[in-house]
Amino acid sequence: MVVSYHSQKVGSVNVFYREAGDPKRPTMLLLHGFPSAGHEFDSLMPKLEQHFHLLAPDLPGFGQTHCPKNFKYTFESLTQVIHDWLQDRGVTHYYLYVFDYGAPIGFRLALKILTPFWASPVKTGISIVRV
């Protein structure tokens, strides 16, 4: 597996992320849980990289993603940073793999672009949704 590590400035936030797989394949966005970071997917990424282009950001305030002192840590703010990061990268369609703390962010991302929105109940906060 070849994972590359990057940082990208999004507004006042410096988003750190892992990337693997061929960018010509469908993209899967991996959103981690609390209190982890994108490294949570180190064992999953080798199993998926032959089928997907994988993006695993460290959410704002976690891992190596750095925020200014006045950053508001709300789910809306976290969602907006990830949304803007995806837009800056030109990613408009992707699969979501969400876990725990990443679930409310992922579902907010889906709500931003899906009309009508389809969802199924998720007991643990783990879900895969194509947006």
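Residues numbered from 1 in each chain as written. Predicted model: local features only at pLDDT ≥ 70, side-chain atom pairs only at ≥ 80, totals over all residues. Heavy atoms only, no water.

Concerning the nonpolar core
Heads up, the rule is: Among buried residues, those of type Ala, Val, Leu, Ile, Met, Phe, Trp, Tyr and Cys that are joined through side-chain atoms within 4.5 Å constitute a nonpolar core. Using a 1.4 Å probe on the protein chains alone, a residue whose accessible area is under 20% of its type maximum counts as buried, one over 50% counts as exposed, and one in between counts as partly exposed. Helix and strand definitions here come from DSSP, where helices need a minimum of 4 consecutive H or I residues and strands a minimum of 2 consecutive E residues; each element is numbered from the N-terminal end. The criterion used for residue contact is that any of the two residues' heavy atoms lie within 4.5 Å.
Core analysis: the largest hydrophobic core is formed by 23 residues, its most contacted members being Leu29, Leu31, Ile82, Trp85, Leu86, Leu96 and Leu109. Those elements giving two or more residues to this core turn out to be β2 (13–20), β3 (27–31), α2 (75–89), β5 (95–98) and α3 (102–113). Aside from chain neighbours lying at most four places away, what touches Leu29 is Leu55, Pro57, Ile82, Trp85, Leu86, Tyr94, Tyr95, Leu96, Tyr97 and Leu109.

Points about the pattern of salt bridges
Convention followed: Basic side-chain nitrogens of Lys or Arg form a salt bridge, by our definition, when they fall within 4 Å of a carboxyl oxygen of Asp or Glu.
Evaluated as defined, the whole model comprises four salt bridges. The shortest N-O distance in the salt bridge between Arg89 and Glu19 comes to 2.9 Å. One end of the pair, Arg89, is in helix α2; the other, Glu19, is in strand β2, and 70 residues separate them in sequence. The closest approach of N and O atoms between Arg108 and Glu76, which form a salt bridge, is 3.0 Å. Pair noted here: Arg108 is in helix α3 and Glu76 is in helix α2, with a separation of 32 residues, a long-range link. On the basis of relative accessibility, which here comes to 46%, the residue Glu76 falls in the partly exposed class. Through salt bridges with shared partners, a single network forms among Arg18, Asp42 and Asp58.

Description of the packing of aromatic side chains
Threshold: Within 6.5 Å between ring centres, the rings of Phe, Tyr and Trp (the latter by its six-membered ring) count as paired, and their orientation is classed by plane angle as stacked under 30 degrees, edge-to-face over 60, tilted in between.
Applying the stated criterion to the full structure yields nine aromatic pairs. Three or more aromatic residues joined by ring pairs form one cluster here, namely Phe34, Phe62, Phe75 and Tyr101.

Brief notes about α2
Residues spaced three or four apart along an α-helix point in a common direction, a consequence of the helix completing one turn every 3.6 residues. Applicable threshold: Multiplying one less than the number of residues by 1.5 Å gives the expected span of a helix.
Compared with an ideal rise of 1.5 Å per residue, which puts 15 residues at 21 Å, α2 spans 21 Å between its outermost C-alpha atoms and is within 8% of the ideal. Looking at α2, one finds that the buried residues are Leu78, Thr79, Val81, Ile82, His83, Trp85 and Leu86. Against β1 (3–10), β2, β3, β4 (53–57) and α3 lie the buried residues of α2.

Digging into the packing of α2 against α3
Just so we agree on the cut-off: Fitting a line to C-alpha atoms yields each axis, with helices limited to the stretch in contact; the angle taken between N-to-C directions then spans 0 to 180 degrees. Just so you know how the angles are binned, under 35 degrees is roughly parallel, over 145 roughly antiparallel, 65 to 115 roughly perpendicular, and the rest oblique. The handedness criterion is simple: a crossing whose near helix is rotated anticlockwise from the far helix by less than a right angle is left-handed, and one whose near helix is rotated clockwise is right-handed.
It is at 9 Å that the axes of α2 and α3 come closest, and there the two elements cross at 60 degrees. By the angle between their directions, the pair α2 and α3 is classed as oblique. When you trace α2 past α3, the crossing you get is right-handed. Facing Phe75, Glu76, Leu78, Thr79, Gln80, Ile82, His83 and Leu86 of α2, the residues of α3 in contact are Pro104, Ile105, Arg108, Leu109 and Lys112.

Focus on unusual backbone geometry
Here the bond from Phe34 into Pro35 is cis, since omega is -5 degrees, no more than 30 degrees from zero. Topologically, Pro35 is positioned in the loop between β3 and α1 (45–48). In this structure, Asp100 is a non-glycine residue whose phi angle is positive, near 55 degrees. Structurally, Asp100 can be placed in the loop between β5 and α3.

Examining the confidence of the model for the chain
Filter applied, for reference: Confidence scores labelled pLDDT are given residue by residue by the predictor and lie between 0 and 100.
For the chain, the average pLDDT comes to 87, and 85% of its residues sit at 70 or higher. For residues 115–123, every residue scores under 50 in pLDDT, and the model assigns this stretch four contacts once sequence neighbours within four places are set aside.

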